[in-house]
Amino acid sequence: MDILREGSITFWISHPHNDWIVNENGYNFGRRNFPQYGIALSVLKHPDRNLEVILSDPLHRTLVLRKRINDSIIKDSRLFIAITWKYTTVNLYVNGINIQTVDISLIELSTLDFEIKGSDKIPLSISSEILKELGTVFNTISAFQETTDPSILKIILKDKLNETKFSLKESKEDSFIGKFQGVKKVLDFVKLNFQSFFAVILWI
């Protein structure tokens, strides 16, 4: 089975405050990583009892799943979260109950070639640092293209959720020639606006 087309992840969330699910406080459970699926997500519980999952998913979308936690799905002071996807549908389950289904459209992928030039051989530490910075650029551009909601934008950028949607498709050592794969709209923006920067990255 191709997990980019179909799959699921599950996890529990809980808090030392036993009444956290129903009280009037907000809780941020931070980023959770599922690298085997190329997934990163952040989970929040809002004061109005809405559960929010910001999901950078394997279908190359960043989704905001948000639904109220009704009394009927509460079993104890923990919530069992399951997210399933089957192209092009994503489902959010809480304690075994499907509380939200989202239909998503096709995302076109593309590639971006780059080369890091320097001495005879580029140290791996330098290459890794540059690739990390490129990941930050992709995450930032992708976030601003996907949402105008300041609170959602802040979480995507802080937790670097969108970096999971870009991968190093090919690489060669020495001068370190590489190829990124990711969302076409983001990579096209990079090619158009950062052409000279990404064509040759000089190591001094």
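Up top is the structure these notes are about.
This structure is a prediction, so every number in the text was calculated from the model and none was measured.

(A) Here's a closer look at helix α2 (residues 150–159). Taken together, the buried positions of α2 are occupied by Ile152, Leu153, Ile155, Ile156 and Asp159. Looking straight down α2, one finds that the buried residues subtend no more than 165 degrees of arc, so they occupy a single side. Away from its buried face by more than 90 degrees, α2 exposes Pro150, Lys154 and Lys158. Buried residues along α2 sit in contact with β2 (27–34), β3 (39–45), β4 (50–56), β5 (62–68) and α1 (124–146).

(B) Local environment of the sheet that holds β2. An order of β2-β3-β4-β5 is seen for the 4 strands of this open sheet, with the pairing classed as antiparallel. Taken across any chain shown, the strands that pair with only one partner, and hence form the sheet edges, are β2 and β5. Averaged over all pairs of adjacent strands, the angle between their axes in this sheet comes to 15 degrees, without regard to strand direction. Of the pairings in the sheet, the one linking β2 to β3 comprises 6 bridges and is antiparallel in character. Among the inter-strand pairings, Arg32 is bridged to a residue of β3, identified as Leu41. α2 contacts β2, β3, β4 and β5 of the sheet and is inclined by roughly 50 degrees relative to β4.

(C) Main features of the pairing of strand β1 (residues 6–14). Of the two faces of β1, the one holding Gly7, Ile9, Phe11 and Ile13 is buried and the one holding Glu6, Ser8, Thr10, Trp12 and Ser14 is not buried anywhere. The pairing of β1 with strand β6 (residues 78–86) spans 9 bridges and is classified as antiparallel. Bridged to Ile9 within β6 is Ile83.

(D) Examining the environment of Lys191 more closely. The residue Lys191 is located in helix α3 (residues 184–193) in this model. Residue classification places Lys191 among the partly exposed residues on the basis of a relative accessible area of 32%. Through-space distance from the C-alpha of Lys191 to that of Asp113 is 9.6 Å; in sequence the pair is 78 residues apart. Those residues in contact with Lys191 that sit more than four places away from it in its chain are Ser110, Thr111 and Leu112.

(E) Spatial organisation of the environment of Ser127. Structurally, the position occupied by Ser127 is in helix α1. You can call Ser127 buried: its relative accessible area is 1%. Between the C-alpha atoms of Ser127 and Lys117, which are 10 residues apart in sequence, the distance is 10.0 Å.

(F) Fine view of the packing of aromatic side chains. What the rule picks out here adds up to 6 aromatic pairs. Ring plane angle 80 degrees and centroid distance 5.1 Å describe the contact between Phe138 and Phe180, whose orientation is recorded as edge-to-face. On the criterion of sequence distance, the pair formed by Phe138 in helix α1 and Phe180 in strand β11 (residues 177–183) is long-range, its members being 42 residues apart. Phe180 matches Phe138 in its accessibility class, with the two residues each being buried. Among the aromatic residues, those joined into a ring-pair cluster are Trp20, Tyr27 and Phe29. Over the face of the ring belonging to Trp12 we find Arg78, whose NZ or CZ atom lies 3.7 Å from the ring centre.

Reading guide: rules and limits
- Residues numbered from 1 in each chain as written.
- Predicted model: local features only at pLDDT ≥ 70, side-chain atom pairs only at ≥ 80, totals over all residues.
- Heavy atoms only, no water.
- Buried < 20%, exposed > 50% of the residue type's maximum accessible area, 1.4 Å probe, protein only.
- Helix = DSSP H or I, 4+ residues; strand = E, 2+ residues; numbered from the N terminus.
- Arc of directions from axis to C-beta.
- Contact = heavy atoms within 4.5 Å.
- Pairing = 2+ DSSP bridges.
- Axes fitted to C-alpha atoms, helices over the stretch in contact; angles between N-to-C directions.
- Phe/Tyr/Trp six-rings, centres within 6.5 Å; stacked < 30°, edge-to-face > 60°.
- Lys NZ or Arg CZ within 6 Å of the ring centre and 35° of its normal.

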